[in-house]
Amino acid sequence: MSLSFEGRVVLVTGAGGGLGREYALAFAERGASVVVNDLGADTKGGGKSSAAADKVVEEIRAKGGKAVANYDSVEDGEKLIQTALDAFGRIDIVVNNAGILRDRSFARTSDLDWDLIHRVHLRGSFLVTRAAWNHMKKQKFGRIIMTTSAAGIYGNFGQANYSAAKLGMLGLANTLVVEGRNYNIHCNTIAPIAGSRLTETVMPPDLVASLKPEYVAPLVLWLCHDQCQENGGLFEVGAGWIGKLRWERSQGHIVRQKNQPMNPEAVRDQWDKICDFTDATKPTSTQESMLSFVSVLSQVESEGGVEANPTAAAASTSGINPAEAVGQKLPPTSFSFNHTQCILYALGVGMSTKDPDHLRFLYEGHPDFSCLPTFGVILSQAVLMDGGLLSVPGINIDPTQVLHGEHYLEIFKPLPTSGPLTSEATIADILDKGSGAVILFDVNTYQDKELLCYNQFSVFVVGAGGFGGKRTSEKAKAALPAPQRAPDAVVIDSTTRDQAALYRLSGDWNPLHIDPSIAAMGGFKAPILHGLCSFGFAARHVLKQFADNDPSRFKAVKVRFVKPVTPGQSLQTEMWKEGNRIHIQCKVKETDAVVLSGAYVDLHPAPDASPQTLTQGGGLQSELVFAEIGRRIRDTGAELVKKVSAVFGWEITKDGKSAGQWTIDLKNGSGSLHSGPYSGKADVTFTVSDEDFMAVVRGTLDPQKAFFSGKLKVRGNIMLSQKLEVILKDYAKL
């Protein structure tokens, strides 16, 4: 399918001839609205004319295209962008192509020669791009082309001014890549070779005629298209050939010793090793570049001698060296917050004022205003978000290959709703999983030196395995399988389309969760929900079902992240109670795909619990019946809600004591079964012994006789009991 630019607005500077003209014609031919900018100056920057731009606009319009002319200098960048806004209402693509030459040998280059070249090439590109930048940020789309030159990359006699400006444009582009990434603004740089007014002064005429501009334009169009995810690339292009360039760095060599001065003789003696490009590295960011220097400092301080290159110090090419990394402590991080962050997090994990029980987490004026226990992950995540992992000696990894595999959170006292807190992180262990490495990252969070919570991040680094390390660790908080029986309770909760957009405001700014283009690069059809957002949903389901939303009863939670969730899908949390541990499994209701597995929440005992109180699931026969009812609700809940439209409460006794509670909600959503205390209001509540309940279900005890004999007690709308048949019929299937 051909690439279309319908609806896009393009500004091409220096478009009155040569490459710029070819770009403008090509964009217009494919549906773009084009601003043709050309000052009409000569190749040295002198003079001014509207003729060149007007002629190109006429060509475009003659073919049915849309174009307007602009005759301003690129130093008036705001005027160029305003022309696009006035004519077409937006600006999507900027091609910085304008240029002049004032070639002189270095010794003969005047201040004017230097300044004019920089004003047009580097400063002009800066001013035009800056004028377009905020418009691109607001619309979450932008494509920018910078035009460098072989003279800038390699140098060329007589072009010191031109070479410096052209390579400066590459440096500008590299920073725009970093700053624009979160806004879907891509910036790429080309070094074209084509016949033009500029190149005809330095090339033979027959070569100028052969190197046609139309052999360059297709690359520019592809780099500017929505489908192209290239960002930060540098390309040489001409004659129908395109090549991509990248930086390469030798392994290098440390030439100093601890507590010893560094001298030029040491540099001389190791010069061959310093310049040896065998097994060269290819850093792509400032962070990657800095890793080697951090490693050097660590090696010199710890070993005190001249070492081999820092990259080779790792146990293998995986970039992981457990002996060096395990036990390393990261610099402490601080986190200051107030009730606003607590409320924002609660909203981010699906809490709503529609549920009165949620108000204690959403309203700072509530008498029991509290912070959700899982807010503890927010307190510690700054350690990872700030890139701390990449500064650890012995860990030289690609941050784009890091996945959050598992998480454990333990709360030692209820979290405060405000205050400055401090987190301290340690690399607890590193495991070799063959296809990747698992890094266990322990974070303790304190308030005034009192331990509040402990997080263990288990991150999987794709492709970093194979260094010969161990596969398991006793330091890892293990995931546990769910019981092989029907769940005791199931809660279905819908996420909103904006769930990820809301959750990210708590500090996880990964564009994978908001930017469709970044999500596409990750192989997803749309931005995905944060795994820790699903984690928060599931944990609060347990808190409500089994702890009456009392955060003081929350002790710990462990999850394994399995599959992503798309915002707007429904999360189905299945729960099994075994003493004070609630096993959980979370699924996407629409697809039945498991998203959280091996998970559990540990609770503190209820304050009024006594040894004589029978716990939920304590060998009751009725437990199996309610489990089957839960399965039926999952399969046909929406249909049952239409038929019944009521909430039934059950209080099951054994030996005269309360033994279990269940609530069958066939009034809200697609229906649900709740085990344990229910925060809502039941329309009718039945109290019956486990034995008599089973007799009623089997049909050996008539419900009316049970009622009149006192075996079955009813509170609420007794007439709704007639609808129980819809739920309890066909016992043979129970």
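Along each chain, the written sequence defines residue order, and numbers are assigned to residues from 1. Note on the predicted model: pLDDT of at least 70 is required for a residue's local features to be given, and 80 or more for side-chain atom pairs to be given and counted; whole-chain, interface and lining totals, by contrast, use all residues. Water and hydrogen atoms were dropped before computing side-chain values, which therefore reflect all heavy atoms in the structure.

- The name given to the protein in an unreviewed UniProt entry is Peroxisomal multifunctional enzyme type 2, and the organism recorded there is Scophthalmus maximus.
- UniProt positions are given in the numbering used here, feature names are shortened, and annotations may be inferred rather than shown by experiment. Turning to the protein, the UniProt record has this under Pathway (unreviewed entry): "Lipid metabolism; fatty acid beta-oxidation."

**What about the overall build of the protein?**
1) Next: Strands are runs of DSSP state E lasting at least two residues, helices are runs of H or I lasting at least four, and both sets are numbered from the N terminus onward. Within the protein, the regular secondary structure consists of 22 helices and 23 strands.
2) Next: In the protein, which comprises 734 residues, the share counted as buried stands at 50%.
3) Next: Surface exposure here means Shrake-Rupley accessible area, sampled with a 1.4 Å probe, where a residue is shielded only by the protein chains that are shown. With an accessible surface of roughly 34100 Å², the protein has 52% of that area assigned to carbon and sulfur atoms. Relative accessibility under 20% of the residue-type maximum defines a buried residue, over 50% an exposed one, and the middle range a partly exposed one, all with a 1.4 Å probe and only protein chains included.

**Some thoughts on the environment of Asn70**
1) Next: Topologically, Asn70 is positioned in strand 3 (residues 66–70).
2) Next: Residues Asn70 and Ala53, spaced 17 residues apart in sequence, show a C-alpha to C-alpha distance of 7.1 Å.
3) Next: With sequence-adjacent residues up to four places away left out, Asn70 is seen in contact with Val35, Val36, Asn37, Asp38, Ala53, Lys79, Leu80 and Thr83. Contact between two residues is taken to exist if any of their heavy atoms lie within 4.5 Å; hydrogens are not considered.

**Concerning the confidence of the model for the protein**
For any part of a model where pLDDT is low, the fine detail of the predicted coordinates should not be relied upon.
1) Next: As a per-residue quantity, pLDDT reports the predictor's confidence and falls between 0 and 100. Across the protein, pLDDT averages 86, with 89% of residues at or above 70.
2) Next: Within the model, pLDDT remains below 50 along residues 303–317, and this stretch shows 38 contacts once partners closer than five positions in the same chain are excluded.
3) Next: This model gives residues 730–734 a pLDDT under 50, and the stretch forms 11 contacts once residues within four places in sequence are excluded.

**Some remarks on the packing of aromatic side chains**
1) Next: Any two rings among Phe, Tyr and Trp, with Trp reduced to its six-membered ring, count as a pair given centres within 6.5 Å; such a pair is stacked if its planes are under 30 degrees apart, edge-to-face if over 60, and tilted if neither. A complete count under the given rule lists 14 aromatic pairs for this structure.
2) Next: Ring centres of Phe337 and Phe375 lie 5.4 Å apart, and the angle between their planes is 55°; this geometry places the pair in the tilted category. Taken together, the positions of Phe337 in strand 9 (residues 333–337) and Phe375 in the loop between helix 14 (359–362) and helix 15 (376–385) put the pair 38 residues apart, joining distant regions of the chain. You'll find Phe337 and Phe375 in the same group, each marked buried.
3) Next: Between the aromatic rings of Phe441 and Phe457, the centroid separation amounts to 6.2 Å while the plane-to-plane angle is 65°, which identifies the pairing as edge-to-face. Pair noted here: Phe441 is in strand 12 (residues 436–447) and Phe457 is in strand 13 (residues 450–462), with a separation of 16 residues, a long-range link. By the burial criterion, Phe441 is buried, and Phe457 matches it.
4) Next: Members of the aromatic cluster, each reached through a chain of ring pairs, are Phe626, Phe648, Trp650, Trp662, Phe686 and Phe693.

**Thoughts on the pattern of salt bridges**
1) Next: Here, a salt bridge means any Lys or Arg side-chain nitrogen found within 4 Å of an Asp or Glu carboxyl oxygen. Going through the model one piece at a time under the given rule, you end up with 24 salt bridges.
2) Next: Across the pair Arg102 and Asp113 runs a salt bridge, and its minimum N-O distance is 2.9 Å. Of this pair, Arg102 sits in the loop between strand 4 (93–96) and helix 4 (111–139) while Asp113 sits in helix 4, and the two are 11 residues apart along the sequence. There is no split in this pair, since Arg102 and Asp113 are both buried.

**With respect to unusual backbone geometry**
1) Next: Positive phi is not limited to glycine here, since Asp548 has a value of about 55°.
2) Next: Positive phi outside glycine occurs at Asn549, with the angle close to 60°.
3) Next: Tracing the chain through its elements places Asn549 in the loop between helix 18 (531–547) and strand 15 (554–561).
4) Next: Asn549 sits in the buried class, given a relative accessible area of 3%.

**Looking at the pairing of strand 10 (residues 402–411)**
1) Next: Only strands joined by at least two bridges in the DSSP assignment are considered to pair. By the bridge criterion, 9 bridges tie strand 10 to strand 13 in an arrangement that is antiparallel. Residue pairing across strands places His407 opposite Phe457, the latter belonging to strand 13.
2) Next: In this sheet, strand 15 lies alongside strand 10 in antiparallel orientation, the contact comprising 5 bridges. For His407, the partnering residue across the bridge sits in strand 15 and is Val559.

**Topic: the packing of helix 4 against helix 6 (residues 160–180)**
1) Next: Every angle, taken between N-to-C directions, lies between 0 and 180 degrees, and every axis is a line fitted to C-alpha atoms, over only the stretch in contact when it is a helix. At a minimum axis distance of 8 Å, the contact between helix 4 and helix 6 shows a crossing angle of 15°. Overall, the two elements helix 4 and helix 6 adopt an arrangement that is roughly parallel. Relative to helix 6, the crossing made by helix 4 is right-handed. Of the residues in helix 6, those in contact with Asp113, Trp114, Ile117, His118, His121, Leu122, Ser125, Phe126, Thr129 and Trp133 of helix 4 are Ala160, Asn161, Tyr162, Ala164, Ala165, Lys166, Gly168, Met169, Leu172, Leu176, Glu179 and Gly180.
2) Next: Note that Gly is not counted as nonpolar here; it falls among the polar residues with everything else outside the nonpolar set of Ala, Val, Leu, Ile, Met, Phe, Trp, Tyr, Cys and Pro and the charged set of Asp, Glu, Lys and Arg. Grouping the amino acids of the contact of helix 4 with helix 6 by side-chain chemistry returns 12 nonpolar, 7 polar and 3 charged. Orientation labels follow simple angle bins: below 35 degrees gives roughly parallel, above 145 gives roughly antiparallel, 65 to 115 gives roughly perpendicular, and whatever is left gives oblique. Working rule for handedness: look at the near helix, and if it is turned counterclockwise from the far one by less than a right angle, call the crossing left-handed; if clockwise, right-handed.

**Points about the sheet that holds strand 7 (residues 234–238)**
Strand pairing in a sheet is mediated by backbone hydrogen bonds. Such pairs are either parallel or antiparallel.
1) Next: Strand order in the open sheet formed by 8 strands is 3-2-1-4-5-6-7-8, with mixed pairing between adjacent strands. The sheet is open, and its two borders are formed by strand 3 and strand 8 (241–245), each paired with just one other strand. The mean inter-strand angle of the sheet, taken between neighbouring strand axes irrespective of direction, is 20°.

**Quick look at the pairing of strand 6 (residues 185–192)**
1) Next: The buried fraction of strand 6 is high, at 8 of 8 residues.
2) Next: Neither face of strand 6 is left uncovered, since the one carrying Ile185, Cys187, Thr189 and Ala191 and the one carrying His186, Asn188, Ile190 and Pro192 both have all their residues buried.
3) Next: Summarising the sheet, strand 5 (residues 142–147) and strand 6 pair through 6 bridges and their orientation is parallel. For Ile145, the partnering residue across the bridge sits in strand 6 and is Asn188.
4) Next: Direction of pairing for strand 6 relative to strand 7: parallel, over a ladder of 4 bridges. Counted as the bridge partner of Ile190 is Phe235 from strand 7.

**As for helix 3 (residues 77–88)**
1) Next: Spanning 12 residues, helix 3 covers 17 Å between terminal C-alpha atoms, matching the ideal 16 Å at 1.5 Å per step.
2) Next: If you check which residues of helix 3 are buried, you get Gly77, Leu80, Ile81, Thr83 and Ala84. Down the axis, helix 3 shows its buried residues gathered within 145° of arc, on one side only. Helix 3 presents Glu78 and Asp86 as exposed residues on the side facing more than 90 degrees away from its buried surface.
3) Next: Positive phi shows up at Gly89, right after helix 3, with a value of about 85°. Here the expected length of a helix is defined as 1.5 Å per residue gap, with one fewer gap than residues. Note that the arc is defined by the directions from the helix axis to the C-beta atoms.

**Concerning a nonpolar patch on the surface**
1) Next: A cluster of nonpolar side chains, namely Phe707, Phe708, Ile718 and Met719, defines an oily patch on the protein surface of about 430 Å² accessible area.
2) Next: Tracing the backbone shows Ile718 in the loop between strand 23 (713–716) and helix 22 (724–728). Patch membership is restricted to residues that have no salt bridge and whose relative accessible area is over 30%. Joining uses 9 Å for like charges and 5 Å for the nonpolar side chains Val, Leu, Ile, Met, Phe, Trp and Tyr.

**Quick word on the state of the cysteines**
1) Next: The term disulfide is used for any two cysteine sulfur atoms that are within 2.5 Å. Inspection of the entire model under this criterion finds 0 disulfides.
2) Next: Of the cysteine sulfurs around Cys187, a residue in no disulfide, the closest is that of Cys224, at 9.7 Å.
3) Next: Residue class for Cys187 comes out buried when judged on its relative accessible area of 1%.

**Some details on helix 6**
1) Next: The end-to-end C-alpha distance of helix 6 is 30 Å, a good match for the 30 Å that 21 residues give at a rise of 1.5 Å each.
2) Next: Regarding helix 6, the residues found buried are Asn161, Tyr162, Ser163, Ala165, Lys166, Met169, Leu170, Ala173, Leu176, Val177 and Gly180.
3) Next: Here the buried face of helix 6 lies against strand 4, helix 4, strand 5, helix 5 (150–154), strand 6 and strand 7.

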